[in-house]
Amino acid sequence: MTAARIAANLASVRDRMADAARRSGRRADDVTLVAVTKYAQIDQVLALLDAGCRDLGESRPQELWHKADELDKLRADSDVRWHLVGPLQRNKARRTLPYVSLIHSVESWRLLEAIDRLASERGRPTAVLLEANVSGEAAKHGFAPEELPPLVDRLPALAHVHVRGLMTIAGLSGVADEARREFARLRKLRDEMRARTSGASPERVAFEELSMGMSGDFEIAIEEGATLVRVGSALFE
Ligand SMILES: *Cc1c(COP(=O)(O)O)cnc(C)c1O
């Protein structure tokens, strides 16, 4: 795949994002594209950077460390923001924190505590989203919706974790209406958690972000309020 092809794919995804943002009464730059690079070679990632993409995502921590280190060697001056979008095992958290600007996929209180402790050691807060399983599929990661309120009530105890919102992956059905219902459900949950934490320090807990939508459903997700979409294959095919 040539650099020109990747730039064209990126332009096409951005156009589709802008149209969907307009349909939801928002501006194109209200929605951030996180380019998921798990299918890409490093030269393809460079092509994305050259085409103006700054937010990159990986679903596996080791792959994120590896690509970030490679990019650092090739483009020390690039101002990339790395997003971890897949599961983080607690024993990989220490190594991962210095790389990431946002962890989308926090799915346990124990992981939150581990991140809090490590962020405290580093002297820098870590920004996270809480992953919610709104499809109810057993194979999906994330908190069940009813687990969130009691968990969110405990967040003020974590001084070094900045909770920025919610993330989900739509169910496997591939049915557009189904995905739309799930995205709407995540938005409603986000709004409920925002109301619930309205007295909290906005520095530390602010339910603003909604990470939802992938190559097959990012336009629907944006129409339903996504602020971050995670797109991989549409950029690299
Ligand atoms: C791979 C992946 C994506 C991107 O998927 P595409 O369908 O290729 O766009 C988004 N989110 C997560 C969590 C992923 O693992």
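Please refer to the structure higher up on the page.
Procedures and definitions
- Residues numbered from 1 in each chain as written.
- Predicted model: local features only at pLDDT ≥ 70, side-chain atom pairs only at ≥ 80, totals over all residues.
- Heavy atoms only, no water.
- Helix = DSSP H or I, 4+ residues; strand = E, 2+ residues; numbered from the N terminus.
- Rg over C-alpha atoms; globule rule 2.2 N^0.38 Å.
- Buried < 20%, exposed > 50% of the residue type's maximum accessible area, 1.4 Å probe, protein only.
- Contact = heavy atoms within 4.5 Å.
- Areas by Shrake-Rupley, 256 points an atom, 1.4 Å probe, with all protein chains shown as cover.
- Lys, Arg positive; Asp, Glu negative; His and termini not counted.
- Charge placed at Lys NZ, Arg CZ, Asp CG, Glu CD.
- Core = buried A, V, L, I, M, F, W, Y, C linked by side-chain atoms within 4.5 Å.
- Salt bridge = Lys/Arg side-chain N within 4 Å of Asp/Glu carboxyl O.
- Axes fitted to C-alpha atoms, helices over the stretch in contact; angles between N-to-C directions.
- Left-handed = near helix turned anticlockwise from the far one by under 90°.

## Looking at the overall build of the chain
Counting its regular elements, the chain contains 8 helices and 8 strands. By the compact-globule yardstick of 18 Å for 237 residues, the chain fits well, its C-alpha radius of gyration being 17 Å. Expressed as a percentage of its 237 residues, the buried residues of the chain come to 49%. Partitioning the intrachain contacts of the chain with sequence separation of at least 6 by distance along the chain shows that 65% fall at a separation of at least 24. Surface exposure of the chain reaches about 11000 Å², of which carbon and sulfur atoms provide 47%. In the chain, which carries 35 positive and 36 negative side-chain charges, the distance between the mean positions of the two groups comes to 2 Å.

## Notes on the nonpolar core
With 68 residues, the main nonpolar core has Leu112 and Leu130 as its most contacted residues. Ala127, Leu129, Met167 and Leu228 belong to the second-largest nonpolar core, a separate cluster that totals 6 residues.

## Considerations on the side chain of Glu131
Its location among the elements puts Glu131 in strand E5 (residues 126-131). As a buried residue without a salt bridge, Glu131 has its nearest oppositely charged side chain in Arg230, at a separation of 6.9 Å. Apart from residues no more than four positions distant in its own chain, Glu131 is found in contact with His104, Ser105, Val106, His141, Gly142, Phe143, Met167 and Ile169.

## What to know about the packing of helix H2 (residues 42-50) against helix H3 (residues 61-74)
Where H2 meets H3, the closest approach of the two axes is 11 Å, and the angle between their N-to-C directions is 65°. The way H2 lies across H3 gives a crossing that is right-handed. Along the contact surface, H2 presents Ile42, Val45, Leu46 and Leu49, while H3 presents Lys67, Glu70, Leu71 and Leu74.

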